[in-house]
Amino acid sequence: MRIKFWVCLFFLLAANLLSAQNSCVSELMLQEKLAGDAAFAARFSGNQKSFDHFLNYQKHLAFRSALVVPVVVHVVWYSEEQNISDEQIHSQIAVLNADFRALNCEIPNVPAEFQPLIADMEIEFCLASVAPDGSLTTGITRTPTHLPRFDRFSKSIFHADRGGADAWDTEHYLNIWIAPLGGTLGFALFPGSATSPEEDGIVIDPNYFGTIGLAENDARFNLGRTATHEIGHYFNLLHTFGDEGENACDEDDGVEDTPLQGPANFGECPHYPQVSCGSSDMFMNFMNFANDACLTMFSAGQKARVWAAIQFYRPGLLESGACGGQTSGEPVFGFSLAPNPARNYFQLIPKSAFFPKGHLRVFDMTGRIILDAENFPIARKIETSTWQSGVYVVEITCAGKRWLGKLVR
């Protein structure tokens, strides 16, 4: 694929990103900053040239063992419902671990053409257990605000004295702000694009973070893929598609194995193949646009770019220690049921942090299916108050794996 300098690429990006309801405005924000600040544009372009040289060198090197990135989630809320639960936050961390380790349930749906390109990014995420001052923490902060919404033009979200929340050391933590954005799903700061270190990280609307709670209100974006997409930007990945118009196929994301693509694929997952620019679109890539259920994979070329960005721009994450030595462990596909016996509800408790959802079915002892739910968020409680007393079989399937458990009601 043809690779252009970043500055040229960003000036070609379209304002139509804003017109899409599932808009990510990360690239548009950078485009605006490049256009409005010549000194920044020159500095950013120089950094990207150096990064490209570094990428070309390091992509031939072997990757290290999986990196565990410490995350701090700043919940900045105006209404009580925006003060999302710990459980909703935990459900998002589980999605990130599945998506970045290529363990998400949709992986088998990737067309055969792209199956060899699927990448285990070898990156995992934890809520930080050690704060910058060395104290123990849950990795979650909560701040009420007098501001009903935030937008990309305001930096208030990054500052406690302006209605937001102060970042934790952005060299050693991935800072995620959860705040009302008034229609935008989320945005991220590209490496080297923040005005100051205190304004580096990603921002997500509470309605599109995780798989339960407020995230259940919109079936198009309830699988946690907004955060997966924005963290891709945080690690220097571009959208895999071009703009409307005759020059769409001239726009490139700097990754060799993601095909050139015309406009983004919005809405429901398209039927394969979708062809533009003379090749099949990788519309299932996490850096494309579509409903959450369609977004499925990162590519090997994107993995090389992300790891180069970590080493070149964000090396502090390699030595953070803010996870307190914890890791997500091996991906064991197994669950327990609790409480069991159940009276009013039960939950599926996964044995590892890589399986945030699956196809759930519950059978009574006659074999009758009493519950059948695809893309079921594991963190959601399952109401049993109306069930008859007896024994039930609970089945979870994901990516060809199947687990059965017995529940007593």
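Conventions adopted
Residues numbered from 1 in each chain as written. Predicted model: local features only at pLDDT ≥ 70, side-chain atom pairs only at ≥ 80, totals over all residues. Heavy atoms only, no water. Pairing = 2+ DSSP bridges. Helix = DSSP H or I, 4+ residues; strand = E, 2+ residues; numbered from the N terminus. Axes fitted to C-alpha atoms, helices over the stretch in contact; angles between N-to-C directions. Disulfide = S-S within 2.5 Å. pLDDT = per-residue confidence, 0-100. Contact = heavy atoms within 4.5 Å. Core = buried A, V, L, I, M, F, W, Y, C linked by side-chain atoms within 4.5 Å. Buried < 20%, exposed > 50% of the residue type's maximum accessible area, 1.4 Å probe, protein only. Polar contact = N/O pair within 3.5 Å; in protein donor to acceptor, adjacent residues only side chain to side chain. Expected span 1.5 Å × (residues − 1). Arc of directions from axis to C-beta. Parallel < 35°, antiparallel > 145°, perpendicular 65-115°, else oblique. Left-handed = near helix turned anticlockwise from the far one by under 90°. Nonpolar A, V, L, I, M, F, W, Y, C, P; charged D, E, K, R; others polar. Patch = residues over 30% accessible without salt bridge, like charges linked within 9 Å, V, L, I, M, F, W, Y side chains within 5 Å. Areas by Shrake-Rupley, 256 points an atom, 1.4 Å probe, with all protein chains shown as cover. Salt bridge = Lys/Arg side-chain N within 4 Å of Asp/Glu carboxyl O.

**Q** Would you take a moment to explain the sheet that holds strand β14 (residues 391–398) for this structure?
**A** What links the strands of a sheet is backbone hydrogen bonding, and the strands pair in either a parallel or an antiparallel sense. Here four strands make up an open sheet; going across it, the order is β12-β11-β14-β15 and the pairing antiparallel. Edge positions in the sheet fall to β12 (369–377) and β15 (401–408), since each has one partner strand and no second. Sheet twist, expressed as the mean angle between neighbouring strand axes with direction ignored, is 15°.

**Q** How do you make sense of the state of the cysteines when you look at a structure like this?
**A** Here is the idea: a disulfide is a covalent bond, and it sits between the sulfur atoms of two cysteines. Scanning the entire structure with this criterion turns up four disulfides. Here cysteine 126 engages in a disulfide with cysteine 323; their sulfurs sit 1.8 Å apart. Residues cysteine 126 and cysteine 323 are joined through a disulfide that is left-handed, its torsion about the S-S bond being -95°. Within this pair, whereas cysteine 126 is found in strand β2 (residues 123–127), its partner cysteine 323 is found in the loop between α6 (300–313) and β9 (335–338), the two being separated by 197 residues in sequence.

**Q** Sorry if this is basic, but what is going on with the sheet that holds strand β13 (residues 382–383) here?
**A** If you trace the three strands from one edge of the open sheet to the other, you get β9-β10-β13, paired in antiparallel fashion. Of all the strands in the sheet, just β9 and β13 have a single pairing partner and so form its edges. The pairing of strand β10 (residues 345–350) with β13 spans two bridges and is antiparallel. Residue pairing across strands places phenylalanine 346 opposite isoleucine 382, the latter belonging to β13.

**Q** What is the right way to look at the confidence of the model for the chain in this model?
**A** As a general rule, the predicted coordinates of low-pLDDT regions are not to be interpreted in detail. Looking at the chain as a whole, its pLDDT mean stands at 90, while 92% of the residues score no less than 70. In the model, residues 1–22 has pLDDT below 50 throughout and makes 68 contacts with residues more than four positions away in sequence or in other chains.

**Q** Quick question: what am I supposed to make of the pairing of β12 here?
**A** When a strand is regular, its side chains alternate between the sheet's two faces. Across six bridges, the pairing between strand β11 (residues 357–364) and β12 is antiparallel. The partner of glycine 358 across the bridge, within β12, is phenylalanine 376. In sequence, β11 turns back onto β12 through a hairpin of four residues, with glycine 367 there showing a positive phi of about 90°.

**Q** I keep staring at the nonpolar core and nothing clicks. Help me out?
**A** The nonpolar side chains of soluble globular proteins are, as a tendency, buried together. With 46 residues, the main nonpolar core has Val73, Ile123, Phe125, Ile176, Phe209 and Phe235 as its most contacted residues. Broken down by element, this core gets its largest block of residues, six residues, from strand β1 (residues 67–77).

**Q** Is there a simple way to explain the environment of glutamine 261 in this structure?
**A** Within the fold, glutamine 261 resides in the loop between α5 (225–234) and β7 (275–276). For glutamine 261, a relative accessible area of 1% corresponds to the buried category. Along the chain, glutamine 261 and alanine 66 lie 195 residues apart, while their C-alpha atoms are 31 Å from each other. Residues within four places of glutamine 261 in sequence aside, it is in contact with Thr240, Phe241, Gly242, Ala248, Ser276, Cys277, Asp281, Met282, Phe283 and Asn288. Here the side chain of glutamine 261 touches asparagine 265 through a polar contact of 2.9 Å, side chain to side chain.

**Q** So what exactly am I meant to see when it comes to helix α3 (residues 38–58) here?
**A** Working note: α-helix, 3.6 residues per turn, so residues spaced by three or four point in the same direction. Spanning 21 residues, α3 covers 30 Å between terminal C-alpha atoms, matching the ideal 30 Å at 1.5 Å per step. Among all positions of α3, only Phe40, Ala41, Phe44, Ser45, Gln48, Phe51, Asp52, Leu55 and Gln58 are buried. For α3, the arc enclosing every buried residue in end-on projection is 155°, short of the 170-degree limit, so these residues lie on one face. Projecting away from the buried face of α3 at angles above 90 degrees are the exposed residues Ala39, Ala42, Arg43, His53 and Tyr57. Capping the start of α3 is the job of one residue whose side-chain oxygen sits 3.2 Å from the backbone nitrogen of alanine 39: aspartate 37.

**Q** Can you help me understand the packing of helix α4 (residues 86–100) against α5 in this one?
**A** Relative to each other, α4 and α5 sit at 60°, their axes nearing to 9 Å. Considering their axes alone, α4 and α5 lie oblique with respect to each other. Along this stretch, α4 crosses α5, giving a crossing that reads as right-handed. Contacts between α4 and α5 involve Gln92, Val95, Leu96, Asp99 and Phe100 on the former and, on the latter, Arg225, Ala227, Thr228 and Ile231. For the contact of α4 with α5, the per-class residue count stands at five nonpolar, two polar and two charged.

**Q** Would you explain a nonpolar patch on the surface in this entry?
**A** A contiguous nonpolar patch, built from Met365, Val391 and Val408 and spanning about 240 Å² of accessible area, is present on the exposed surface. By the element assignment, valine 408 lies in strand β15. Given a relative accessible area of 31%, valine 408 falls into the partly exposed group.

**Q** Whenever I open this one, α4 confuses me. Can you help?
**A** Helix length check: α4 (15 residues) gives 21 Å between terminal C-alpha atoms against 21 Å at 1.5 Å per residue, within 8%. Within α4, 12 of the 15 residues are buried, leaving the element largely enclosed by the surrounding structure. Three or more residues of α4 are buried, namely Gln88, Ile89, Ser91, Gln92, Ile93, Ala94, Val95, Leu96, Asn97, Ala98, Asp99 and Phe100. Taken from the residues just after α4, alanine 102 is the one with a positive phi, measuring 55°.

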